[in-house]
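Letter by letter, the chains look like this.
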Amino acid sequence: MGLDTIIRDGTVVNADATWEADIGIADEQVVAVGDATRFPDADKVIDATDRIVMPGVVDPHVHVADMFSGDTYRTATAAAALGGVTTIIDFGWQAWTGEMSPYDRPASLIEGIERKQEKADEAFVDFSLHGGITREDPAVFDDLKMAIESGVTSFKMYTTYEMGLSYGFIDRVLEQLADIGGVAVVHTEDPTICDTRTDMLRAAGRGDPTDYPDSRPDYAEAVSAATVGRLAAEHGAKYYGFHTTSRKALAELERVRSEAGPETIRAETCTHYTALDESVYEEQGNLAMIAPPIRPSADQDALFEHLRRGTLDVVSSDHCGYTRADKDVDDWWDSAFGANGLQTELPVFHDEAVHGRGFSYPALVRVKSALPAKLFGLPRKGAIAPGADADIVVFDPNTTYEIDAADNASISDFTLYQGREVTGGVETTLVRGEPVVEDGELVASPGHGEFVSREPPEWTPDTVLQ
Ligand code: URP
Ligand code: ZN
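Residues numbered from 1 in each chain as written. Chains lettered and ligands numbered in written order. Predicted model: local features only at pLDDT ≥ 70, side-chain atom pairs only at ≥ 80, totals over all residues. Heavy atoms only, no water.

Overview of the overall build of the chain
Quick reminder of the rule: Starting at the N terminus, helices and strands are each numbered in turn, a helix being any DSSP run of H or I of at least four residues and a strand any DSSP run of E of at least two. Buried, partly exposed and exposed residues are distinguished by accessible area as a fraction of the type maximum, computed with a 1.4 Å probe on protein chains only: under 20%, between the cut-offs, and over 50%, respectively. Residues are treated as being in contact if the distance between any of their heavy atoms lies within 4.5 Å. Note on areas: Shrake-Rupley, 1.4 Å probe, and residue coverage restricted to the protein chains presented here.
A tally of regular secondary structure across the chain gives 14 helices and 17 strands. Dimensions of the chain, computed from the C-alpha atoms along their principal axes, are close to 70 × 45 × 45 Å. Taking all 466 residues of the chain together, the buried fraction comes to 62%. Sequence-distant contacts in the chain: of pairs separated by 6 or more residues, those separated by 24 or more amount to 77%. In the structure as shown, the chain presents an accessible area of about 16,500 Å², 45% of it carried by carbon and sulfur atoms.

Here you go:
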């Protein structure tokens, strides 16, 4: 049998090793890793001389086509592919009604998951969904098991915003998830602290984006992460802390993780928290209104300490497809929360972590590909090995370019990294063996991306290579 593709002469990186090898691909999978002179011939050969060949990024925190994103699957996953992201996990929301809601009537979690799947027929990269719980209706408990049977094995909850849940209801969900093996992914900021401080600042006439971090302080994040972590530990439920930003929240997560173990407590940060500090509010105003806020540079240092120690497992994008017009409101306090990041997350994090802070390539693969695949039950993603899906990025570690929103495939007409020069860029992205990006250009047709059904994961302890 001939091969479809051979990637030759690259430096292959997995989370546990770096070595010189060729890769053989057939029927969407990696079938050989070794010396291509021993492989059968292939229809296509990709020359990866002087390139890093790594598993595609698995991004478990991406907002597409809902209240936090004007992107369609076509635009968001084009951005993903151009940025070396080969699998995203988006959200299927239980519909609720309210000011932030795009829905006209409440609907079940299962309907929310099906509704989102119907929007995804133009995906360029593979995708999965978290179920999103937005209402304190015990009827949702019956849906959790059905969702897991349909391949949706993780569930998002907010502690804040109008669809935030009380700690009491989160406690009940965690108890159920512990029984059925599901994962809770939670946005943790204490709502009473954030709401009170926001009201106080607004009443005092504080009216500048530089005031924003004071409205959602690091201790509000720490209080909430500690509470949800404590509840998860009590039930032995798997809890993955979304977008961790601060030393204080990390201390709480580390404490509960040391008690309950990595079988129960995991966490991520996002690229923007690692690559930007709070001066972004002076420089970019409410374009950077993201919850939790971007913190002082001392917190950036803390994120890297905890990425190395393993308290932080993953670096995601929390991509939100907003435009300048979405952010351009009379009172910036009413601005939309979130910013785009799918297309830039790998180059920016590579530049910051590998070039700037001496992170190794295996460590990069660990936090961008291997651990997100493991923690969210994607056994065929996140590694280059025989039998894995051929989701592969050929990355030029030495090219230098300037980030410009004019290159965005997302509907977002801005980037928080405008004008930033980064070293390292995505050249080729394969999704299940098919070139979706070649020479930095989108070459596939929309619709190649498939829904990936997930199993409840095992969170065994990991080996952390620096
Ligand atoms: O500001 C953010 N992070 N927007 C996305 C919604 C959320 O909070 O997760
Ligand atoms: Zn969030």
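A few points about the sheet that holds strand β13 (residues 314–316)
Note the following rule: At least two bridges found by DSSP between two strands are what make those strands a pair. Note on geometry: axes are lines fitted to C-alpha atoms, helical ones only across the stretch in contact, with angles between N-to-C directions running from 0 to 180 degrees.
With respect to topology, 8 strands assemble into an open sheet ordered β6-β7-β8-β9-β10-β11-β12-β13, the strand pairing being parallel. A strand with exactly one partner marks an edge of an open sheet, and here the two such strands are β6 (57–59) and β13. Neighbour-to-neighbour, the strand axes of the sheet open up by a mean angle of 30°, direction not taken into account. Taken strand by strand, helix α14 (residues 361–375) contacts β6, β10 (183–187), β11 (238–241), β12 (265–270) and β13, and its axis lies near 105° from that of β13.

A look at the side chain of H243
Following the sequence through the fold, H243 ends up in the loop between β11 and α8 (247–260). Note on H243: relative accessible area 2%, which makes it buried. When residues no more than four places from it in sequence are discounted, the contact partners of H243 are H61, H187, E221, E268, T269, C270, Y273, A291, P292 and D318.

Examining the coordination of the zinc ion (ligand 2)
Rules: Water is not part of the atom set, so a site may look incomplete; the donors themselves are N, O and S atoms within 2.8 Å of the metal, or 3.2 Å for Na, K and Ca. Sites are called tetrahedral only when four donors show all angles between 85 and 135 degrees, square planar or octahedral only when four or six donors show opposite pairs over 155 degrees and all other angles between 65 and 115, and irregular in any remaining case.
Within the protein, the zinc ion (ligand 2) binds to H187 (ND1) and H243 (NE2); these donor distances fall in the range 2.0 to 2.1 Å. In this structure, the zinc ion (ligand 2) is coordinated by 4 donor atoms arranged in irregular fashion, with angles at the metal of 56 to 134°. You can see H187 sitting in strand β10 and its partner H243 sitting in the loop between β11 and α8, a full 56 residues away along the chain. You'll find H187 and H243 in the same group, each marked buried.

Let's talk about the site of ligand 1
This is how it is decided: Residues are classed as near a molecule or strand on a simple rule: at least one heavy atom within 4 Å of it. Two N or O atoms count as a polar contact when they lie within 3.5 Å, although within protein this holds only if one can serve as hydrogen donor and the other as acceptor, and sequence-adjacent residues are included solely when both atoms are side-chain atoms.
As a structural note, the neighbourhood of ligand 1 is formed by 14 residues, with Y161, H187, A291, D318 and F337 the closest of them. Contact distances for ligand 1 include 2.8 Å between an oxygen atom and a backbone N or O atom of A291. Contact between ligand 1 and F337: a nitrogen atom at 3.1 Å from a main-chain N or O atom of the residue. Burial of ligand 1 by the surrounding chains reaches 100%, relative to a free accessible area of 260 Å².

Considering helix α11 (residues 297–309)
Three- or four-residue spacings in an α-helix give side chains the same orientation, since the helix completes a turn every 3.6 residues. For clarity, the threshold we go by: Take the number of residues in a helix, subtract one, and multiply by 1.5 Å to get its expected span.
End to end, α11 covers 19 Å across 13 residues, agreeing with the expected 18 Å (1.5 Å per residue, within 8%). In this structure, the buried side of α11 is in contact with α8, β12, α9 (271–275), β13, α13 (345–357) and α14. At the C-terminal side of α11, G310 shows a positive phi close to 95°.

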